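Coordinates in review
Residue strings, one per chain:
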Amino acid sequence: MPLYLTALFVLLATALAALASGRGRAANLVGPLGCLAGCGLGLFAAVSALTAPVPPVLRLPWSVPYGAISLTIDPLSALFLLPVFILGAAAALYGKGYLSGLAGKRHLGAHWFFFCLMVLGMALTVCAANAVFFLVSWEIMSLAPFFLICLHHEEDRVRTAARTYLFAAHLGTAFLMAFFLILGHLAGSMEFSAMARVAPDVLGPYAPALFFLALAGFGVKAGIVPLHVWLPEAHPAAPSHVSAFMSGALIKAGVYGVLRSLTLLGPLAPWMGQTLLAIGILTGVLGLLAGLGQGELKRFLAFSSIENMGIIFLGLGLGVLAAATGHPGPALFALSGLLFHVINHALLKGLLFFGAGSVLHAVGHGFMERLGGLSKRMPFTAGACVLAGAAISGLPPGNAFFGELLIYVGGGLAAMDMPLTDAVWAWTGVAGLAFIGGLSVIGFTRACGMVFSGEPRTADAVNAHDPDPLMRAAMWSLGLLALGAALAAPFLFTAMLPAARLLLAGQSTVLPVLPSEVVNPETLLTAAASLTFGAAALALILAFARSRLLAGRSVRSHGTWDCGYIRPAPRMQYTASSYAEPMTVLFRRLLGEKRRFTPPEGLFPATGTSRFATETPDRVKDDFFAPLFSAVLTACDALKRFQHGNLNLYILYLLATLVILLAIALGFAA
Amino acid sequence: MDMISLAHAAVVPVILANLALLASSRLVTCIRLVALQGAVISVTPLIFESGPLTVHTAVLCAVALGLKGVVFPQLLHRTLRRVVVRHEIEPYLGYPLSILLGILGLLASLWLAGRLGVPAASYRSFAAAFATILTGLLLIVTRKKAFTQVMGYLAAENGIFLLTAVLAPGGPLFIELAILLDVFVAVFVMGIAIHHINRQFDCIDTDRFCSLKD
Amino acid sequence: MTARALSVVLPLLMAPLAFAVIHRVKARFAGRQGKPLMQIYRDIRKCLGKGATLSRTTTWLFRAGPTINLAATLAALSFVPLGGLPAAVSFPGDIFVFAYLLAMGRFFTIMAALDTGSSFEGMGASREAVYSCLAEPMLFLALLALARHSGDLSLSGMLAAVSAGSWLTGAPVLALVTVALFLILLAENCRVPFDDPTTHLELTMIHEVMVLDHGGPDFAFIEYAQTLKLWIFAAVATSLLLPAASGSLVWDALWGLAGVFAAAAAVGVTESVMARLRLTRVPPLLAAAGAFAALALILVGG
């Protein structure tokens, strides 16, 4: 705990120091260095809390009513601290390089102030053990990104994105307040420990409402469909190190919130698992399908984050369903798998956003249809992105594969053991996860292939180059950590297990020592890791054999085979939207893809007269939220009649309210 | 083979026929599929009969087999030749989506069977029967050609027949025979009606009927 | 131990032969003599002995594609039993590792195709990615049906649990899974009706167009990996259809080989009697495979 508090203190001090050191280079030195130091300390604290036999606890009185500065770093909190501090450090490193060109042009002191505040807020959020304190930390964590997204505030798109983010964050918090107020009222205290002790029969009638309040409030942050609309706007608008942190760590706060609230809701019910599972599949599939329609690299990555949230909720749904129907073995598999995926996604998505940031930095935009051939010009970024893309699609031996494998095996065991009507859900989950994996392969081969492979489609990409050493160091660190997570998968599983057990602690079923008698998870992971790394080693051996075979033989260079066409041009390459076309056509109705087509006319059409364009709008936003908000606006118009501008009338309102409230209160007292 | 695996063996073609019906646009294929499904379903009362074979079950099966397997397809083929349609051109709902709905319907039927507490032995047959009814209704709702709607009607009837065989083995013979006869007459009448619609309007798309409403 | 080694060594040696059987069956259907059965071995050897011509557009990804694909296919092969012979590696949950290894090979094949910048190869890559994305859930559904049927979550275990006796009691389930697996075999190996490996127009190819630019040892790797992949799926499908448990090593091996060659012959017959489907009709067919598997799952019981 002292280490953790020191880390928080360092972050706070850095925030203030950065603010004090002005707009320029000084701030861009103080901010990242302090953030790096704070996050490093925090990382040590998180690891030591993860291995501590008893969770460190701190409780100080606070003048806020019902509030207390109450912190507990139990295994679940410690696990979520890892992505916060890892990405905080890496993003600070990357951000220093990223922002160096902007020193003086933007207020970097303010930028680093809010950045440190965001890291600090999230570090407090995942450890808070008092609802009031939690909400305050949550607000700090939610508000700081607004100012970070606004870095390039002169762009219209950035302002819209920041505003959307702010609205979404506030709506989410409103649900959370309702959630904690009801729960706190039932418990008679705002302490989480008291809330967890509410008797099931008291909680019972409120459980569905509480569950959905938590799901809505935390789901907005996590970006589950249909509450995801802010995410694909905010991530591309923010500077890349901020998007990396938001995507890798911040949206995980939503996952943490759902997990924590499940521990407060007493016995898990099958319908909770089914709801979470359905949301997971919907989020995963729709997230990527919509992502396939996107032409901008960071926007696609944002949709991929939505998809990964889908995988996490799918695992959670499987785990909750299995736990609620008395199958703790599969439940532990799925839950530890989803926790593992939280870490894996943080590392890989951080790396990918850094990669996308390097492309943006070098080229000035991320539109896939105008890029291409970057792997020759920025080989490091290309290699990192392709490998991270393969890994995040769940391919072995990447680290995400091992998390997904645990979810798969949990689903598979559940599908074998459960009665038919429950097993159908597990089957749907497994098939859905496989479909999401396949979609992810399409998405990342598309993104990497269009940006890095082939020839440059326009002149934009010609003069690109790899980023500076600092940014590369940030990418290296995340990449190596991801590799380490893959190699250490069997050991990391042991680290996930206490947190997974914590989630099931409130259940009446007795937990087995190991998740399942049929499958030993450590043997499974060891076997899977040795086999898949064996395959990678085999690939290296084959590559060596290939180079030996070719040694001394003629290896010529030639143009790509053009099927006999005489004058191929880079513009003729397959485009990102053509690449995704078979899938977007298959799900056209679901996606609501819009096509604008002006066909060529006549036998010899003039150049430039025919056009074809496709666009995939966010249907949830256009068809659900937009009408909803305009309906709310219309309804609010009716209130304008009360807005006279006459002070006497306003005071009359106040008086009337007071009298009515008094009457009600007295009436109840009687 | 015991009774359950026999029942499974009967359920498989019924469900596959449902999905194939939803997936196929050729009307000839649809006729064959409904006939095949009907033929399989007509012998199911033999499987679900608990005691020894009674005359009345045998008669029911024979009549059903004759009607569903031979007479209906013949009548329908004849009508098809007269109206010269081959394909359902543009259904209201695409084929992949129809299949998906079909599978969802099957899952819903399974869930319903679980909720109604159908005994384990006839659990899946019940679900298959209910899914067949749903498939029939789906065909009626989502297809444009009057002909395909007749197919849907027949599939729904197949489902009802299987449902009675499952729920009331050796049950009321006369009711079932009466239903069969009703359907027989209905198919007959529809054959004539479709023929006349076709002659009158040069097509059998039911969505064009909307223009008649004034 | 010998049995485990055999189930890897036999495919390594004989997978191209199974491929040759398809050619031979198709040739016979067309009334031709067909090329010698050993020709495919000579082709692979010839390619291995050649130099290479690489496109100027390509990078290391292009060269890595065939190598990684072969390595991944070899690793996946180690999970596959042959007839009564157990697989080299087997642990509960290995079906997921198995499927994802194949996906890993596919990812890098696609990246290699995109690396050339050729629009034809982009087109092939796009189709390959989409079809495999649709086929993968179906494969998992089929394998899960077997898992529930046998109570075992490893590929060897679930296939070993199928015996002649289980066909008597669970014929509908096993038949549905076999049909689903055969459809997935055709889709994953790019055979008719999903793809026509012998077509002569780049526009209509899927797998063949993705490897247009590869030559020399790279192409040998690709060809060999393709024969191995066919073997993998054929072995899985046939050990369902022709369960063997004689207990004798030689007979089990022979029975397994016979099964794989029979499956290859079945592929040949399918290719001879069917035309390739229009591209838009492929997803419904894959959905049909999924429907078979889902139906099997529902019938398994419990």
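Below you will find a few notes about this structure. Since the structure is predicted, the reported quantities are computational estimates derived from the model, not experimental observations.

1. Digging into the overall build of chain B
When its secondary structure is counted, chain B shows eight helices and zero strands. Starting at the N terminus and walking to the C terminus, you meet the elements of chain B as α-α-α-α-α-α-α-α. Taking all 214 residues of chain B together, the buried fraction comes to 52%. Long-range contacts, defined as pairs at least 24 residues apart, comprise 76% of the intrachain contacts of chain B with a sequence gap of at least 6. Per element, the accessible surface of chain B, about 10000 Å² overall, is 70% carbon and sulfur.

2. With respect to the interface of chain C and chain A
Across the boundary between the two partners, chain C contributes 71 residues, which contact 79 residues of chain A. Of all residues in chain C, Tyr100, Phe107 and Arg148 of chain C give up the largest surface area on contact with chain A, accounting jointly for 12% of the area buried on that side. Along the contact surface separating chain C from chain A lie one salt bridge. Scanning the region where chain C abuts chain A turns up 22 residue pairs in polar contact (both at pLDDT 80 or more).

3. Overview of the interface of chain B and chain A
Of the residues lining the interface, eight residues belong to chain B; the matching set on chain A comes to four residues. Summed over both sides, the interface between chain B and chain A buries roughly 450 Å², with carbon and sulfur atoms accounting for 71% of that surface. When residues of chain B are sorted by the area they lose upon contact with chain A, Leu107, Leu110 and Tyr123 of chain B head the list and together hold 46% of the total. At the junction of chain B with chain A, the criterion picks out zero salt bridges. Linking chain B with chain A are zero residue pairs in polar contact (both at pLDDT 80 or more), by the criterion used here. Of all the secondary-structure elements, those providing two or more residues to the side of chain B that touches chain A are helix H5 (95–116) and helix H6 (123–142) of chain B.

4. Things to note about the environment of Gly268 of chain C
Note that Gly268 of chain C resides in helix H10 (residues 249–273). In sequence terms Gly268 of chain C and Trp167 of chain C are 101 residues apart; their C-alpha atoms lie 26 Å from each other.

The rules behind these values
- Residues numbered from 1 in each chain as written.
- Chains lettered and ligands numbered in written order.
- Predicted model: local features only at pLDDT ≥ 70, side-chain atom pairs only at ≥ 80, totals over all residues.
- Heavy atoms only, no water.
- Helix = DSSP H or I, 4+ residues; strand = E, 2+ residues; numbered from the N terminus.
- Buried < 20%, exposed > 50% of the residue type's maximum accessible area, 1.4 Å probe, protein only.
- Contact = heavy atoms within 4.5 Å.
- Areas by Shrake-Rupley, 256 points an atom, 1.4 Å probe, with all protein chains shown as cover.
- Buried area = accessible area lost by both parts, 1.4 Å probe.
- Salt bridge = Lys/Arg side-chain N within 4 Å of Asp/Glu carboxyl O.
- Polar contact = N/O pair within 3.5 Å; in protein donor to acceptor, adjacent residues only side chain to side chain.

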